[in-house]
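Residue-level structural notes
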Amino acid sequence: MTQMCTLPQKLALPVIASPMFLVSTPALVVAQCCAGIVGSFPALNARPQEVLDAWLTEIEQGLAACRAADPVRVIAPYAVNLIVHQSNPRLQDDLETCIRHRVPIIITSLHSPDMVVERVHAYGGIVLHDVTTVRHAKKALAAGVDGLILVCAGAGGHSGTLSPFALVAEVRAFYDGLLVLAGSITSGAGILAAQALGCQLAYMGTRFIASTEASAAPAYKQMVVDASAADILLTPCFSGVSGNYLKPSIRAAGLDPDLLPAYEPADVNFTKPKKWKDIWGCGQGAGNIHDILPAADIVRRLKSEYKMAREQFLSPSSVL
């Protein structure tokens, strides 16, 4: 666990930018890492599978150029998200590609990461695992992961339903290692709040949908900017796993978000949108996002907000 505990010290801000389906790109990852936070992307965003090798090379070359241009800058490591569920036919090939590139951080999701941990540890990489319950947390720790990402209520995309106040406290009762908190964090004050709860790092995705480097459609980015928490719907309808989605995107796809049918994989009477990307994931923190900016500017603002929140929290007048 010693290696894992050094991760927060390698960052300019205690943040991991979460991997977002069809949104995270090499350009976004490089911009995030060069700004001092962990940048990440889902391996499945690189299509076809052979493109993953090129994406990893692009990221590594981009970070190397950033280091050469500014040797004293804090440049964070990058991460790749692997869906370790048996339904992912690319898992073995994607894992082998990541091993060849010695990807610093692997984020695993949707199943026990047993088969990934040993392979990644062999080259010195670390594994973080997404969990939504205490049961999942204990299974991931038994598999030997280096840290847990607690996906709590309000997170964009596939989301948990537990309050962070509940889940963090219960996990901390048996685990003193690295915790990363996900769920509606869109500001520097939110990052500090995650630390106050007992997590070392915050996990932020939705804020970076509205970034210039993200591959989200312009209408998607603007919809995030225009949205509030009331515009977010938690439903398992589209994938079988509960996720938070933008109601306006559901309506635009010809469906009524208030009258969605129950998820039935074999239901031939349920006409899904023609393209999965027509339904857009988004966290409940969207109401705090008001503009589309380069990732570097977003991180710069987060740093300023985080510093201000710390100063206000630590000031004598704030202590009761």
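Attention here is on the structure that accompanies the text. Computed from a prediction, not measured in an experiment: that's the story for all the values here. (Residues numbered from 1 in each chain as written. Predicted model: local features only at pLDDT ≥ 70, side-chain atom pairs only at ≥ 80, totals over all residues. Heavy atoms only, no water.)

Two numbers describe how helix H2 (residues 26–34) lies on helix H3 (residues 51–69): the axes approach to 9 Å, and their chain directions differ by 30°. Comparing their axes, H3 and H2 come out roughly parallel. Here the hand of the crossing between H2 and H3 comes out right-handed. Along the contact surface, H2 presents Pro26, Val29, Val30, Cys33 and Cys34, while H3 presents Trp55, Glu58, Ile59, Gly62, Leu63 and Cys66. (Axes fitted to C-alpha atoms, helices over the stretch in contact; angles between N-to-C directions. Helix = DSSP H or I, 4+ residues; strand = E, 2+ residues; numbered from the N terminus. Parallel < 35°, antiparallel > 145°, perpendicular 65-115°, else oblique. Left-handed = near helix turned anticlockwise from the far one by under 90°. Contact = heavy atoms within 4.5 Å.)

As a further point, take helix H8 (residues 188–197). Those residues of H8 not exposed but buried are Gly188, Gly190, Ile191, Leu192 and Ala194. Residues of H8 that are buried in the fold lie against strand E1 (15–17), strand E8 (178–182), strand E9 (201–204) and helix H12 (295–314). Phi for Gly198, located one or two positions after H8, is positive at around 120°. (Buried < 20%, exposed > 50% of the residue type's maximum accessible area, 1.4 Å probe, protein only.)

With that settled, consider the packing of H8 against H12. When two helices pack together, their arrangement is given by the angle between the helix axes and the distance between those axes. It is the contact of H8 with H12, at a shortest axis distance of 7 Å, that shows an interaxial angle of 55°. Classified by the angle their axes make, H8 and H12 are oblique. Handedness of the H8/H12 crossing: right-handed. Of the residues in H12, those touching H8 at Gly188, Ala189, Ile191, Leu192 and Gln195 are Leu302, Glu305, Tyr306, Ala309, Arg310 and Phe313. Class assignment of the residues belonging to the contact of H8 with H12 gives a composition of seven nonpolar, two polar and two charged. (Nonpolar A, V, L, I, M, F, W, Y, C, P; charged D, E, K, R; others polar.)

Our next topic: the pattern of salt bridges. One pass over the full model with this rule turns up six salt bridges. Between Asp70 and Arg73 there is a salt bridge, with the nearest N and O atoms lying 3.5 Å from each other. Look at Asp70 and you get partly exposed, because its relative accessible area is 25%. The partner of Glu96 in a salt bridge is Arg119, and the shortest N-O contact between them spans 3.0 Å. Of this pair, Glu96 sits in helix H4 (residues 91–101) while Arg119 sits in helix H5 (residues 114–122), placing them 23 residues apart in sequence. By relative accessible area, which is 29% here, Glu96 ends up partly exposed. The partly exposed category is assigned to Arg119, whose relative accessible area is 33%. (Salt bridge = Lys/Arg side-chain N within 4 Å of Asp/Glu carboxyl O.)

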